[in-house]
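Chain by chain, the residues:
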Amino acid sequence: MGKLKAIIFKSKKSIIVTAVLLLTVLAGGGTAYWWYQNAQVQEVSLQTAWKGQLAKYVPITGDIEASSRSSLYPSPTAKIVEVLAVEGQAVKKGEVLARIDSTEYRTQLDKQTINLANAEATLAYLSGSSAEMDKSSSQNAVSQAQIALESAQSNAAALADKLNNVEIANANAVGQAELTLENAKAHYWIAKKNLDDLENAMYEAECSLETAKAAYASAKLNLDIVKALYDADPILYAVDYQLAQQAVNIAETAVWNAELALDSAEMSYKAGYDAAKLAVIDAETAVHSAEITLSNAKNAADAEYAAAEKAVSDSETAVRNAEIALSNAESAGALEYAAAEKAVSDSEAAVRNAEITLSNARSGAAVKYEAAVKAISDGEKAVRSAGIALSNLQTTASFSSATTEERISNQADQIALLKTDIVYLNKKIEECDLKANVDGVVTKMDVVANEYPQIGDAIIVDGATEYVISLAVSQYDSVNMRVGQKANVKVKGLIGEYKGIVSEIGQSAEKSATSADQDAKVAVKVTITDPDENIKVGYEADAEIITIERLDALRVNYEAVQIEAESGKAYVYVVDSSNRVEKRYIETGLETEYDIEILDGLVEGERYVADPDKEPVAGVKVRDSGDAD
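Residues numbered from 1 in each chain as written. Predicted model: local features only at pLDDT ≥ 70, side-chain atom pairs only at ≥ 80, totals over all residues. Heavy atoms only, no water.

Undergrad: Looking at this structure, how should I read the overall build of the chain?
TA: Across its full length, the chain holds nine helices and 21 strands. The buried share of the chain, taken over its 629 residues, is 31%. The long-range fraction of contacts in the chain, counting pairs at least 24 apart against all pairs at least 6 apart in sequence, stands at 78%. About 37900 Å² of surface is accessible on the chain, with carbon and sulfur atoms providing 55% of the total. (Helix = DSSP H or I, 4+ residues; strand = E, 2+ residues; numbered from the N terminus. Buried < 20%, exposed > 50% of the residue type's maximum accessible area, 1.4 Å probe, protein only. Contact = heavy atoms within 4.5 Å. Areas by Shrake-Rupley, 256 points an atom, 1.4 Å probe, with all protein chains shown as cover.)

Next comes the structure, spelled out in structure tokens:
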């Protein structure tokens, strides 16, 4: 019995040992299997396909401008007598900003108004019972002719003295014009030299840069040669290789310094070129104007002297005619009295015109250069006045045979000319009020009260209702732009973003004459649709113009999409619910810098491998590199 128990005990012990060993083997095998399974899981970056706005932008930088602008450039020959606005002031359209001296125009207007009244009275006289009036007044003709004769004789003597004064005044005018011409030529050569200096500085900076680049290329070539020797024998050519590297560094620094110098020269050139060029143009214009003024002064001297001399001769002729008319008036009837009265009246007018001509000749010789432009306008008026005078002389010459109807017609023509002059003078007086053409803010006010403007002085009003960004867009981007496209705007220095819309696209592309970028650029304007008080004209802004937009596009990141070499088809690696990889062919749409639109092959919410650096094998299990174990 004891032996039986011992045998049974040993059997149980063997079973237990066997079971323990079996459990140990099974546990080890499970652990090994677990390690095997985990060794097959590939760690990748997973993302989810999602829908949202997808857009393609064209980023461009430009300057903010007012959508509307009123620019006034007063003539340098017109004196400013009053300034009614300052820079920064808000003004309305039609508001007077400054006034030009209108004294001369108003004086001429007063004279022509009086002349018109006299002419209309004469016309009324001619249209009425002039024959009866002539008969009643013929009795006074002799006495009036006698008075007119004495007056004409006295004025004729005075004209001879004034003629000498005309010669002196004309000589002074010519001398002043010659001095102005010499000064203008001196300013021209100074301005020309400044422009040449700018161009020479630019050229020297470009030559320095080319020299530095050549030195750098030579040092780089030498480094390549020494490096090959150094690679073959580092010990022998260690010093040479180090010196070659130093030479390349020095040459590279020289290139950098030369580029900085060229940039500085370009900045100086850009800053000074326009001003220098304008100064040359202004100086050329001044020389040309001074030459014209000198020529005009010389011609005016001759013309004025001849006119004054002729006025004296005419006045002497008028005296003789008046004497004849007086003799005829004393011996003739009523008709001869009327003719004598007209002749005496004409002689009085001729003497008065001679005095006016002589007075104008004397004052015209002393006019400054700034009145040269005005002299042209006065010359036009003189032509019209000469036409009126000629008409009067022709009327006088044919008085004896002219009918009443002809005299009335001639007088009506004279009235029409006077009315035209009055309309012209009123218009010139109105133009002396410099008015704003838009509602906005005065951004430039160069003129000063009681001073003459300089060439280029301006009064500028920028419209305050809308702001636009002026952009220069390359032809490659402009072909995709359309009026009405949306834009996102960021103003440099301001927090936040504004909305905009493409409002204008230029019809031509131009290359910049100064920029190193020689791509043809198209002028594009973007209107800011939600401006606020922080925006100012002249600020720099970045605009992102949306050329293509999808509001509900299914998208994946750009790196996830692969192209099959054999078929050229696009595909992504999709991960199913059990984290196993599947190669999925897709159809793509809009591509941006970061995302690609998926038209077919994926649905929203599906996971995909975002960065397949290594080709995952279909069916392999993966896990997100961002997930915990």
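Okay, back to it.
Undergrad: Explanation requested: the sheet that holds strand E6 (residues 90-91) in the structure shown.
TA: Strand pairing within a sheet occurs via backbone hydrogen bonds; the two strands may be parallel or antiparallel. Strand order in the open sheet formed by four strands is E4-E10-E9-E6, and the pairing between neighbours is antiparallel. Looking at strand neighbours, the two that pair on one side only are strand E4 (69-72) and E6, the edges of this open sheet. As paired strands, strand E9 (residues 440-445) and strand E10 (residues 459-463) are joined by five bridges and run antiparallel to one another. By the bridge assignment, Gly440 is partnered in E10 with Gly463. (Pairing = 2+ DSSP bridges.)

Undergrad: Hey, could you run me through the environment of Ile80 in this one?
TA: Of note, Ile80 is situated in strand E5 (residues 80-83). Exposure remark for Ile80: the relative accessible area of 0% places this residue in the buried category.

Undergrad: So what exactly am I meant to see when it comes to the pattern of salt bridges here?
TA: Oppositely charged side chains can pair when the atoms bearing their charge come close. Enumeration over the complete set of coordinates arrives at 17 salt bridges. In this structure, Asp231 engages Lys227 in a salt bridge whose closest nitrogen and oxygen atoms are separated by 3.2 Å. Of this pair, Asp231 and Lys227 both sit in helix H4 (residues 141-232), four residues apart, roughly one helical turn. The exposure class of Asp231 is partly exposed, given its relative accessible area of 48%. One salt bridge connects Lys583 with Glu564, and the closest N-O pair in it is separated by 3.0 Å. (Salt bridge = Lys/Arg side-chain N within 4 Å of Asp/Glu carboxyl O.)

Undergrad: Quick question: what am I supposed to make of unusual backbone geometry here?
TA: Keep in mind that most residues, glycine aside, have a negative phi and that most peptide bonds are trans. A positive phi angle, close to 65°, is found at Asn450, a residue other than glycine. Summarising the element assignment, Asn450 is placed in the loop between E9 and E10. Phi is positive for Asn579, which is not a glycine, with a value near 65°. Mapping Asn579 onto the fold places it in the loop between strand E17 (570-575) and strand E18 (581-591).

Undergrad: Before we go on, may I ask you to explain a nonpolar patch on the surface in this structure?
TA: Taken together, Leu221, Ile225 and Leu229 make up a surface patch of nonpolar side chains, about 270 Å² in accessible area. If you trace the backbone, Leu229 turns up in helix H4. On the basis of relative accessible area, Leu229 is assigned to the partly exposed category, the value being 35%. (Patch = residues over 30% accessible without salt bridge, like charges linked within 9 Å, V, L, I, M, F, W, Y side chains within 5 Å.)

Undergrad: In this structure, what is going on with the sheet that holds strand E8 (residues 433-435)? I would like to understand it.
TA: Pairing in this open sheet of three strands is antiparallel, and the strands run E5-E7-E8 from one edge to the other. The sheet is open, and its two edges are formed by E5 and E8, each paired on a single side. Taken pair by pair, the neighbouring strands of this sheet meet at an average axis angle of 25°, ignoring direction. (Axes fitted to C-alpha atoms, helices over the stretch in contact; angles between N-to-C directions.)

Undergrad: Even after reading the chapter, I still don't get the packing of aromatic side chains, so can you show me in this structure?
TA: What describes a pair of aromatic rings is the distance from one ring centre to the other and the angle between the planes of the rings. On inspection of all chains with the given rule, the structure shows three aromatic pairs. A ring pair is formed by Tyr571 and Tyr573, whose centres lie 5.6 Å apart and whose planes are at 85°; its orientation type is edge-to-face. Both rings, one in Tyr571 and one in Tyr585, keep their centres 6.3 Å apart while their planes meet at 70°; by these two values the pair is edge-to-face. On the criterion of sequence distance, the pair formed by Tyr571 in strand E17 and Tyr585 in strand E18 is long-range, its members being 14 residues apart. (Phe/Tyr/Trp six-rings, centres within 6.5 Å; stacked < 30°, edge-to-face > 60°.)

Undergrad: Sorry, what's going on with the pairing of strand E14 (residues 521-528) here?
TA: Put simply, side chains in a regular strand alternate between the two faces of the sheet. Pairing of strand E11 (residues 467-474) with E14, which is carried by eight bridges, proceeds in the antiparallel orientation. Bridging across to E14, Ser470 finds its partner in Lys525. Bridge count between strand E13 (residues 498-510) and E14: seven bridges; the pairing is antiparallel. Bridging across to E14, Ala509 finds its partner in Val522.

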